[in-house]
Every structure is written in C-alpha cells, then in structure tokens.
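Overview (structure and organization)
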Amino acid sequence: AQKITQTQPGMFVQEKEAVTLDCTYDTSDQSYGLFWYKQPSSGEMIFLIYQGSYDEQNATEGRYSLNFQKARKSTNLVISASQLGDSAMYFCAMREEGAQKLVFGQGTRLTINP
Amino acid sequence: DAGVIQSPRHEVTEMGQEVTLRCKPISGHDYLFWYRQTMMRGLELLIYFNNNVPIDDSGMPEDRFSAKMPNASFSTLKIQPSEPRDSAVYFCACAGSRNEKLFFGSGTQLSVL
C-alpha cells in the first residue's frame, strides 16, 4: 500500500497566487514526522518544512506553511504569493516511529505562469 | 560545511561495466542513505547506514548492487555488472544523530547504454 499519496501530478498557477499541494499518508503509528522537499529542474533536493505528529501548531517557514489535519492524515503544503522560482517538483515524505528512513510520494510538478 | 558531496555528477557507461558512485556526507552526521530516482518508481531508498553500519538494505534491487561505508566520511554504491535499467539519478543523503531532515547531495546521473 502507498504510504504517501500525492494526487496532483501537475499544477499550473499564476504568479503571485497562493497554491496548495496535497499529500495524504498512511500509518498506524502515533509518532511520525512529515517533510516537504522541493526539486527544481537542476535536480537537487531542497528541504522546505517539517511537521511532527505531536506538533499542535501548523508548521510555517517563510512563504511555506502546512495545513496539517491529523485525523484526515493529510499534510498539504501551502505556498503563498507564488513566484516564478517556485516552479519545481514537490515531494511529500514521512518518517514513521522507530524508522529512520524517509518514504517519499510520487511528487507534484508545479508550474508558475507569469 | 560543503554539504553532501557526490561524485561523479554524471556517469555514462556500457552495459556490463562496473560503476562506483561515491559520497562524502556532512561531518558529524551519523546516518547515510542511498536513494534512487526514476520517472517510473520515484524516489526509492536502497540502503542506509548508521555509524557506518548497514541497517536496512531491503531496497537494494539485487545482488549486482552493493554499498559500503568504510568510515564516517565516505560511502560507495557499486553496481556490477551494470544494466540499462539501472539508469537513474542516485542520491546520497545524510542526517544527524536525531535523524531529522535529510540533507541531499546533488546526485549522480547514471546512464547505462
């Protein structure tokens, strides 16, 4: 079964608009961590934001924030005031309790149009 | 710190040849991971080490793949013999002792002809 599901293979957004990238996950653990990474066309993997399962507040990092809904097992990434440089692949990932490895979703390709 | 350093950046080889990918993790990071990225399968974990010891190699596709970490500052991923289906981007990543976020290298683009 898929641990991490990103249902949007591609998204197109106008510059300066906000965008929400969806991610749902599957785990029976109570303690886990959720991550988002950005992969621009140059190929490197850039860490964006982290949410722990016990964190009561939604994580925020600059223009990035998470809409973490634990009961629904979803952790959507919100990018405010999108910029052309936000065009990239975005990966959601999870680390379960007791495991050290990150399991990644298939990614969403975001394209920001001028 | 220079971050995670992988070499080579690009490797083109012929089927049947041995390929060795190299990684230098961030100093002091106890965990080292090897991932493979393809269009069809996305990002797959191949193997990871903790304090130079292989912990989980269940993602290694077959015996043609092997990985070593002889010391805290160096790891290799070897494919022998290589096959066209091994063509992918191979990432090395590391994490600190609390194993929070992963820091990725720039990846090695491998093409097996």
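Per chain, the residues get numbers from 1 upward, laid out in the order the sequence is written. Here the convention is simple: chains get letters from A, ligands get numbers from 1, in the order in which they are written. Selection of residues for local features in this predicted model requires a pLDDT of at least 70, selection of side-chain atom pairs for listing and counting requires 80 or more, and totals for whole chains, interfaces and linings are taken over all residues. Note: side-chain values were computed over all heavy atoms of the structure, leaving out hydrogens and water.

So, the overall build of chain A
To keep it simple, the criterion reads: The secondary structure listing takes helices from DSSP runs of H or I that are at least 4 residues long and strands from runs of E that are at least 2 residues long, numbered from the N terminus. A radius of gyration in this sense is built from C-alpha atoms; the matching globule rule multiplies 2.2 Å by the number of residues raised to 0.38. Buried, partly exposed and exposed residues are distinguished by accessible area as a fraction of the type maximum, computed with a 1.4 Å probe on protein chains only: under 20%, between the cut-offs, and over 50%, respectively. We call two residues contacting when some pair of their heavy atoms lies within 4.5 Å.
When helices and strands are counted, chain A shows 0 helices and 12 strands. Overall, chain A shows an N-to-C arrangement of helices and strands of β-β-β-β-β-β-β-β-β-β-β-β. A compact globule built from 114 residues should have a C-alpha radius of gyration of about 13 Å, and chain A, at 14 Å, falls within 12% of that. For chain A, the C-alpha atoms occupy an extent of roughly 45 × 25 × 20 Å along the three principal directions. Looking at chain A as a whole, 46% of its 114 residues are labelled buried. Summarising the internal contacts of chain A: among those between residues at least 6 apart in sequence, 53% fall at separations of at least 24.

Let's talk about the state of the cysteines
Quick reminder of the rule: Two cysteine sulfurs form what is called a disulfide whenever their separation falls within 2.5 Å.
Enumeration according to the criterion identifies 2 disulfides over all chains in this entry. In this model, Cys23 of chain A is linked to Cys92 of chain A through a disulfide, with the two sulfur atoms separated by 2.0 Å. With the S-S dihedral at roughly -70°, the linkage between Cys23 of chain A and Cys92 of chain A falls on the left-handed side. Of the two residues, Cys23 of chain A sits in the loop between β3 (19-21) and β4 (24-25) while Cys92 of chain A sits in strand β10 (residues 88-96), which places them 69 residues apart along the sequence. The same class applies to Cys23 of chain A as to Cys92 of chain A, namely buried. Take Cys94 of chain B: it sits in no disulfide, and the sulfur closest to it among the cysteines is that of Cys92 of chain B, at 6.7 Å.

So, the interface of chain B and chain A
Applicable threshold: For this document, the term salt bridge refers to a Lys or Arg side-chain nitrogen within 4 Å of an Asp or Glu carboxyl oxygen. For the purposes of these results, a polar contact is taken to be a pair of N or O atoms within 3.5 Å, where, inside protein, one atom must be able to donate a hydrogen and its partner to accept one; residues adjacent in sequence count only when each atom of the pair is a side-chain atom. Side-chain classes follow a simple rule in which Ala, Val, Leu, Ile, Met, Phe, Trp, Tyr, Cys and Pro form the nonpolar group, Asp, Glu, Lys and Arg form the charged group, and the remainder, Gly included, forms the polar group.
If you look at the interface, chain B gives 18 residues, while chain A gives 15 residues. Summed over the shared surface of chain B and chain A, the number is 1 salt bridge. Residues Asp56 of chain B and Lys101 of chain A are paired through a salt bridge, measuring 3.3 Å at the closest nitrogen-oxygen approach. For the interface between chain B and chain A, the tally reads 4 residue pairs in polar contact (both at pLDDT 80 or more). Secondary structure elements with two or more residues in the side of chain B that touches chain A: β4 (31-38) and β5 (42-50) of chain B. Along the lines of polarity and charge, the residues of the side of chain B that touches chain A split into 10 nonpolar, 3 polar and 5 charged.

Focus on the pairing of strand β8 (residues 64-69) of chain A
Residue and element names in this part refer to chain A. Applicable threshold: A pair of strands is considered paired only if DSSP assigns at least 2 bridges between the two.
Only one face of β8 is buried: it carries Tyr64, Leu66 and Phe68, and the other face, with Ser65, Asn67 and Gln69, is open. Alignment of strand β7 (residues 60-61) against β8, held across 2 bridges, turns out to be antiparallel. Residue pairing across strands places Glu61 opposite Tyr64, the latter belonging to β8. Connecting β7 to the next strand, β8, in antiparallel fashion are 2 residues, including Gly62 with a positive phi near 65°. Direction of pairing for β8 relative to strand β9 (residues 74-79): antiparallel, over a ladder of 6 bridges. Note that in β9 the partner of Ser65 across the bridge is Val78. Between β8 and β9, which pair antiparallel one after the other, the connecting turn spans 4 residues, and Lys73 there sits at a positive phi close to 55°.

What about the pairing of strand β3 (residues 19-24) of chain B?
Two faces make up the sheet, and in a regular strand the side chains alternate between them. Residue and element names in this part refer to chain B. Pairing geometry for strand β1 (residues 5-7) and β3, over 3 bridges, is antiparallel. Note on β3: the bridge partner recorded for Ile5 is Lys24. Bridge count for β3 against strand β8 (residues 74-79) is 5 bridges, and the pairing is antiparallel. Opposite Thr20, over in β8, you have Lys78 as the bridge partner.

Section: the side chain of Asp86 of chain A
Residues and elements named next belong to chain A. The residue Asp86 is located in the loop between β9 and β10 in this model. At a separation of 2.7 Å, a polar atom in the side chain of Asp86 contacts the main-chain amide nitrogen of Gln83. Ignoring anything within four residues of it in the chain, the contact list for Asp86 reads Lys38, Arg63, Tyr64, Ile79, Leu110 and Ile112.

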